[in-house]
Structures are given as structure tokens and as C-alpha cells.
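Report on the structure
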Amino acid sequence: MNEKCVSGSILITAIVWALSLPTHGGELPTEITKCKVGDNDCVRDKIQEICRKYPKGNPSFAFPDISALRMENITITRANDRSPLQLNFKFLHLINYGIETIKILKTTGWTKDPKIIEMEGEIPLLRLVGHYQADGKILLFNLNGEGEASIELADCRVQLKARVKLEKRSDGKNYLKIVKLTVTLEPKKSYSKLENLIKGNKELSDSVNDVINENWRDVWNELRTGTNDVTSQIYFNIIGNVLDVLSYDDFFAE
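Going by an unreviewed UniProt entry, the protein chain carries the name Hemolymph juvenile hormone binding protein and comes from Stomoxys calcitrans. UniProt's Sequence similarities (unreviewed entry) comment on the protein chain is quoted here verbatim: "Belongs to the TO family."

Structure follows, in C-alpha cells:
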């Protein structure tokens, strides 16, 4: 279930990138001062400042509403014969709450000609609410559920690494292109409430939830790879869209 941590975190990183970038043909809001090239601590602080000032988003630089990020049709994991966890799990609808509270610990790589950009952050509490579908086996239980889900992920550590390159466009400016991006998430604690995990049997569904919460670390260990893969792809898409309209030449002060 911590897979959702991934989903929720996912949104987190998207934030991070949008945060530090000015808009194509314009600038970040005047109250957000630009950093000098290579000043990674300044970039970290600006990312944090934008999260604090614009939790509901700012369309002038393609920054989304991070206080309630919505996603559709997210497959978290598929059954794998080589794993003790035989589970298909997806969200039909998902809302991520709490991303705006992210604390950016550090970011590196913001040079004049960047190759690798990295970021580390921590979200005190992610709350994921949505409609899920699940079938397969988790621990000793056979699942065939569908219903409402609420997952809380405490102290979720987020690490992002992106290989990038500059592309000069017809407007004469350089834009940052993502070549490869990976995101890893690690919560310190997770609590899940998944309604109707065993269709038509509330008592057994509640028992399965209790077992999942008691053994959340084991569940996470089985789902880590798949959820991080999903998270990375989502971030790749979101961040790529932002970078596509923002010139890297305008990122920094002269």
C-alpha cells in the first residue's frame, strides 16, 4: 500500500522542478529572486519558497495545485510469479494531499551546462485518497477488492536523480531536456484503510487492513521497485512538460 507513497511523492518532485524555473518569455513572480548559476543552496531555498507561497499553483510558470494533486488510472503493481506478492493494484482516481509541506533538504547540479541534477526532500505526512481496484494475493490473503482507499505516509523521504542535456531551439534559447529520471521513496511509517478488500466481507477486510498495517515494511519491500518505477515515469512526464516551456537561459540572475 505504500506504493501510494510513490504516487503521492511523485507529485512532489514535479513540484520541485516547476518550483525553480521561470516561464518562457517571462519571469517568475517578482517576489521570487533569481539565484546565481551554481548556487545550489539558493535554488533549494527558492524551491521551498515557491512551495510555501503557491500551494494552490501558479499558471504563469506552469506550477500545479500541489495541495490536492489529482491523478487517474495509476497502476501500482502487477502480479509477478517470481515474487511472494501476487498482486494487481491500481487507482482509478487518486488525490494526493500534503505535498505542499515538503521540506527540500538539498539539490545539486544547477550549473551553466548541467548533466546530472539531484534533489532530496522529505514530506512530513502524505495522505492519499482515491478509488482502487485490487486482486491477487498479499501475505496470506487472497484479495478481490474495489472501493475507497485512504493511506497516510509519515516522514516520506524523496530522492530524485535526473540526467539532462541542453537543447537550443529556434528562439535562440537553451532548454533543459530530461534524458533519464529516477525517483526513490522511503516512508518511515505507513497506515492504510482500504475498504472492501475482500468483497462483501467487511470483517475480513478490516482484518486484512490490520495485517497490512502491522507488516507494512514487508509489504513495502515487495512493492518498492514497481512503485518507484511508476513514480519515476510520472515525474518524467510532469517535469518534462514543465521544462518544455521554460528556457534554462532564464533560470538565473546575470
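Having put the structure on the table, let's press on.
This next bit is on the overall build of the protein chain. Assigned secondary structure in the protein chain consists of four helices and seven strands. Taking all 254 residues of the protein chain together, 49% fall into the buried category. For the protein chain, the proportion of contacts with a sequence separation of at least 24, taken over those separated by at least 6, is 72%. In the structure as shown, the protein chain presents an accessible area of about 11,800 Å², 49% of it carried by carbon and sulfur atoms.

With that out of the way, let us pick up the side chain of Asn174. Inspection of the secondary structure puts Asn174 in strand β6 (residues 174-186). With residues near it in sequence (within four places) discarded, Asn174 still touches Leu166, Glu167, Lys168, Ser247, Tyr248 and Asp249.

Burial along strand β7 (residues 189-194) is one-sided: the residues Ser190, Ser192 and Leu194 are buried and none of Lys189, Tyr191 and Lys193 is. Where strand β5 (residues 141-168) lies against β7, six bridges are found, and the strand directions are antiparallel. Paired with Leu153 across the two strands is Ser190, which belongs to β7.

On to the nonpolar core, then. With 63 residues, the main nonpolar core has Phe89, Phe91, Tyr132 and Leu181 as its most contacted residues. Where this core is concerned, the elements lending two or more residues are α2 (40-53), β1 (69-77), β2 (86-97), β4 (116-138), β5, β6, α3 (202-214) and α4 (216-245).

The next thing to look at is the packing of aromatic side chains. Applying the stated criterion across every chain, the model contains six aromatic pairs. Ring geometry for Tyr248 against Phe252: centres 5.5 Å apart, planes inclined by 85°, an arrangement best described as edge-to-face. Per residue, the accessibility class of Tyr248 equals that of Phe252, and both read buried. With 6.0 Å between their ring centres and 65° between their planes, Phe251 and Phe252 make a pair best called edge-to-face. Taking the relative accessible area as the measure of exposure, Phe251 reaches 4% and is therefore buried. In textbook terms, an aromatic cluster arises when at least three aromatic residues are bridged by ring pairs, as seen for Trp110, Tyr248, Phe251 and Phe252. For the cation-ring pair, Arg169 lies above Tyr175, with the distance from its terminal atom to the ring centre recorded as 3.9 Å.

In low-pLDDT segments, the atomic positions of the prediction should not be examined closely. Mean pLDDT for the protein chain: 83, with 87% of residues reaching 70 or above. Predicted confidence in the protein chain is weakest over helix α1 (residues 3-20), with a mean pLDDT of 48, and strongest over strand β3 (residues 103-108), with 96. Across residues 17-26, confidence stays below pLDDT 50; counting only partners more than four residues off in sequence or on other chains, it has 43 contacts.

Moving on: the pattern of salt bridges. Think of it this way: side chains of opposite charge can pair up when their charged atoms draw near. All chains considered together, the criterion is met by nine salt bridges. A salt bridge links Asp206 to Lys202; its shortest N-O distance comes to 2.8 Å. Of the two residues, Asp206 and Lys202 both sit in helix α3, four residues apart, roughly one turn of that helix. Three or more residues joined by partner-sharing salt bridges are found here, namely Asp41, Arg44 and Asp45.

What follows is about the pairing of β6. Across 12 bridges, the pairing between β5 and β6 is antiparallel. Its bridge partner being in β6, Lys168 is matched across the sheet by Asn174. Once β5 ends, the chain turns through five residues before running back antiparallel as β6, passing Gly172 with a positive phi of about 85°.

Moving on, we come to the state of the cysteines. Where two cysteines share a covalent bond between their sulfur atoms, that bond is called a disulfide. Applying the stated criterion to the full structure yields one disulfide. Between the sulfur of Cys35 and that of Cys42 lies a disulfide, 2.1 Å long from S to S. Since a negative S-S torsion denotes a left-handed disulfide, the Cys35-Cys42 link at about -80° is left-handed. With respect to class, Cys35 is no different from Cys42; both count as buried.

All right, on to unusual backbone geometry then. With glycine set apart, most residues show a phi of negative sign, and most peptide bonds adopt trans. One non-glycine residue, Asn73, lies in positive phi territory at about 50°. According to the relative accessible area criterion, Asn73 is exposed, its value standing at 51%.

What counts and what doesn't
- Residues numbered from 1 in each chain as written.
- Predicted model: local features only at pLDDT ≥ 70, side-chain atom pairs only at ≥ 80, totals over all residues.
- Heavy atoms only, no water.
- UniProt positions renumbered as here; feature names shortened; annotations may be inferred.
- Helix = DSSP H or I, 4+ residues; strand = E, 2+ residues; numbered from the N terminus.
- Buried < 20%, exposed > 50% of the residue type's maximum accessible area, 1.4 Å probe, protein only.
- Contact = heavy atoms within 4.5 Å.
- Areas by Shrake-Rupley, 256 points an atom, 1.4 Å probe, with all protein chains shown as cover.
- Pairing = 2+ DSSP bridges.
- Core = buried A, V, L, I, M, F, W, Y, C linked by side-chain atoms within 4.5 Å.
- Phe/Tyr/Trp six-rings, centres within 6.5 Å; stacked < 30°, edge-to-face > 60°.
- Lys NZ or Arg CZ within 6 Å of the ring centre and 35° of its normal.
- pLDDT = per-residue confidence, 0-100.
- Salt bridge = Lys/Arg side-chain N within 4 Å of Asp/Glu carboxyl O.
- Disulfide = S-S within 2.5 Å.

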